[in-house]
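# A look at the structure
Here is how the chains run, residue by residue.
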Amino acid sequence: MNDIWWQTTGEGNCHLVLLHGWGLNAQVWDCITPELGAHFTLHLVDLPGYGRSGGFGALSLEEMADRVLEKAPAKAIWLGWSLGGLVASEVALRHPERVEALVTVASSPCFSAHEEWPGIKPEVLGGFQQQLCEDFQRTVERFLALQTLGTESARQDARALKQTVLSLPMPSSEVLNGGLEILKTADLRQPLAALTVPFLRLYGRLDGLVPGKIVPLLDAQWPQSESLVFDKAAHAPFISHPQAFCEPLLALKQRLRNYF
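The rules we used
- Residues numbered from 1 in each chain as written.
- Predicted model: local features only at pLDDT ≥ 70, side-chain atom pairs only at ≥ 80, totals over all residues.
- Heavy atoms only, no water.
- UniProt positions renumbered as here; feature names shortened; annotations may be inferred.
- 1 Å grid on protein atoms, 1.4 Å probe; cavity = no way out; pocket = protein on both sides within 12 Å on 5 of 7 lines; lining within 4 Å.
- Helix = DSSP H or I, 4+ residues; strand = E, 2+ residues; numbered from the N terminus.
- Buried < 20%, exposed > 50% of the residue type's maximum accessible area, 1.4 Å probe, protein only.
- Contact = heavy atoms within 4.5 Å.
- Expected span 1.5 Å × (residues − 1).

An unreviewed UniProt entry annotates the protein chain as Pimeloyl-[acyl-carrier protein] methyl ester esterase originating from Kluyvera ascorbata. If you open the UniProt record of the protein chain and go to Pathway (unreviewed entry), you find "Cofactor biosynthesis; biotin biosynthesis." Listed under Subunit (unreviewed entry) in UniProt, the entry text for the protein chain is "Monomer."

Below, the structure written as structure tokens:
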């Protein structure tokens, strides 16, 4: 059986699992691990097929959640960015007893646009899948550039994301296609309405992949959850605004400690 890459670092009695997004790996968190590591025991993961977790083919969302959960601490805050947000959500839905709180970052329970639901048009995601076969490197770079558009530090942030990808083995086109398929088909809007664990949703107002229009819609659908929008951030707020990004996580930890 293949194993996934997992690194535990930091200190503190509160565990925080960090799940990256499509095409990337755990090094994407390098800009915030020093700050968070002073307050949490961090669990940095390369999702199956990404970065140092090689040897996997395309997995379903459920399979990905199961593989990550195998190595996770007994109880933790689960934070997932973009595609990682879907994986963290799946863990919270299926094993709430293992989840102290769920935090999704620039993520949507349903990335594809539907009638009366804002998102990425399915044909756009389908186009990325087609382009992966034709020009693998350029398609990944284009997707990374989309994630930082509009921010004051867009060029610098895109360079940081690209460096994260290039520093480790690239995922196979099969794995990347599998991830796009999850983004195209997953819909957790209804299941997450019944989630009982504390739930924090973080967004960038300039995000071109997760439309800001979903925030009030989910505020209404999920009154048990809390949302926060970073005004000048796009799809990677932890890269463009690392200090501001860490603040609500530290506040969440404090609330949980007061509660329990």
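## Points about the UniProt feature "binding site: substrate" (unreviewed entry) in the protein chain
UniProt tags W22, S82, L83, F143, L144, A145, L146, Q147 and H235 as "binding site: substrate" (unreviewed entry). Of the annotated positions named here, the second largest cavity is lined by Q147 and H235. Positionally, S82 belongs in the loop between β4 (76–81) and α3 (83–94). For S82, a relative accessible area of 7% corresponds to the buried category. Summarising the element assignment, L144 is placed in helix α5 (residues 136–146). Residue class for L144 comes out buried when judged on its relative accessible area of 5%. Setting aside residues no more than four positions away along its own chain, L144 makes contact with L24, L161, K162 and V165.

## Some details on α3
With twelve residues, α3 extends 17 Å from end C-alpha to end C-alpha; this agrees with the ideal 16 Å at 1.5 Å per step. When you tally the buried positions in α3, you get ten out of twelve residues, the bulk of the element. Among the residues of α3, L83, G84, G85, L86, V87, A88, S89, E90, V91 and A92 are the ones counted as buried. Tucked inside the fold, the buried residues of α3 contact β2 (15–19), α2 (61–70), β4, β5 (99–105), α7 (173–185) and α8 (189–192).

## Some words on unusual backbone geometry
One non-glycine residue, S82, lies in positive phi territory at about 55°. Phi at E116 is positive, roughly 65°, even though this residue is not glycine. Structurally, E116 is set in the loop between β5 and α4 (122–134). Under the relative-accessibility criterion, E116 is labelled exposed at 74%.

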